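# Examining the three-dimensional arrangement
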Amino acid sequence: AWVVQKHKLGLASASISPVTLYKGTAATITHAPPTDPDGDLVTTSYAWYLDDVLVPGATSSGWTVAGTQGSNVRGRVTLADGRDTVVIDTAAVPISNRPPTIDTFTLPEPLLRVPAPLASATASDADGDTVAYEYVWTHDGVEVQRGSSPTLTATLQPGKVVTAKVVVTDGR
């Protein structure tokens, strides 16, 4: 008597690359080629999940991340050979926040008191978050003013060094 034994499909693991994701990142499910010791034709399909909810239409190994910072992305690989089906899920990868960047920061030259010195800054955030500005003014190394206003209103003494710094945040 002959015993026919079916060998199982093989796929050890799958992962998402890159390992750090941001909104708009091109993500890819990576895995070794599947094995089928019987030589059957193996079909591979993919699915993407955002916070454990299936992303409609995301059925290839690549997907452009559409979630927001703090959400989790997971991928699924399904192998089938007509007899067996193997499902492998990736580990969840959180969507990270990109900090805002200062595009320009200028101070009037020379720094005059009439009118009050006005700093000018522009910033952007790649994640589309709203950017908040904080201006820090020092007079000979001592902080004299801090706040959201770019206008220096503190009283200054002639001959002292005045510096300004802008800090931008996106609330995340």
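Our subject is the structure listed above.
Read on for an overview of the structure. From a predicted model like this one, the values you see are computed outputs, not experimental measurements.

Definitions and limits used
- Residues numbered from 1 in each chain as written.
- Predicted model: local features only at pLDDT ≥ 70, side-chain atom pairs only at ≥ 80, totals over all residues.
- Heavy atoms only, no water.
- Phe/Tyr/Trp six-rings, centres within 6.5 Å; stacked < 30°, edge-to-face > 60°.
- Helix = DSSP H or I, 4+ residues; strand = E, 2+ residues; numbered from the N terminus.
- Buried < 20%, exposed > 50% of the residue type's maximum accessible area, 1.4 Å probe, protein only.
- Lys NZ or Arg CZ within 6 Å of the ring centre and 35° of its normal.
- Lys, Arg positive; Asp, Glu negative; His and termini not counted.
- Salt bridge = Lys/Arg side-chain N within 4 Å of Asp/Glu carboxyl O.
- Polar contact = N/O pair within 3.5 Å; in protein donor to acceptor, adjacent residues only side chain to side chain.
- Contact = heavy atoms within 4.5 Å.
- Pairing = 2+ DSSP bridges.
- Axes fitted to C-alpha atoms, helices over the stretch in contact; angles between N-to-C directions.

The subject of this paragraph is the packing of aromatic side chains. Tallied over the full model, the rule gives 2 aromatic pairs. Look at W48 and W63: their rings are 5.5 Å apart centre to centre, the planes differ by 35 degrees, and that puts the pair in the tilted class. In this pair, W48 sits in strand β3 (residues 43-50) while W63 sits in strand β5 (residues 62-64), placing the two residues 15 residues apart along the sequence. Owing to a relative accessible area of 12%, W63 belongs among the buried residues under this scheme. For the cation-ring pair, R74 lies above Y49, with the distance from its terminal atom to the ring centre recorded as 4.5 Å.

With that settled, consider the side chain of D170. Structurally, D170 is set in the segment after β13 (162-169). For the buried D170, no salt bridge exists, and the shortest N-O distance to an oppositely charged side chain is 5.5 Å, to R172. Here N97 takes part through its side chain, which lies 3.1 Å from a polar atom of the side chain of D170. Residues contacting D170, with those up to four places away along its chain left out, are N97, R98, P99, P100, D125, D129 and T130.

With that settled, the discussion passes to the sheet that holds strand β1 (residues 14-17). Judged by pairing direction, the sheet is antiparallel, and its 3 strands sit side by side in the order β1-β2-β5 without closing on themselves. Unpaired on one side and paired on the other, β1 and β5 mark the two borders of the sheet. In this sheet, neighbouring strand axes are inclined to one another by 25 degrees on average, regardless of whether the strands run parallel or antiparallel. Examined bridge by bridge, strand β2 (residues 26-31) and β5 share 3 bridges and lie antiparallel to one another. From the neighbouring strand, A27 faces β5, where its bridge partner is W63.

Moving on, we come to the side chain of D81. Of note, D81 is situated in the loop between β6 (72-80) and β7 (85-89). On the basis of relative accessible area, D81 is assigned to the buried category, the value being 10%. A distance of 2.9 Å separates a polar atom in the side chain of D81 from the backbone nitrogen of R83. Side-chain polar atoms of D81 contact the backbone nitrogen of D84, separated by 2.7 Å.

It is worth spelling out the sheet that holds strand β12 (residues 142-147) at this point. In any sheet, the strands associate via hydrogen bonds between backbone groups, in a parallel or an antiparallel arrangement. Taken in spatial order, the 3 strands make up an open sheet running β12-β11-β13, and their pairing is antiparallel. Two strands bound the open sheet, and with one partner strand each, they are β12 and β13. Here the strands of the sheet are splayed against their neighbours by 20 degrees on average, with no regard to which way each runs. As judged from the 8 bridges shared by strand β11 (residues 132-139) and β13, these two strands associate in the antiparallel manner.

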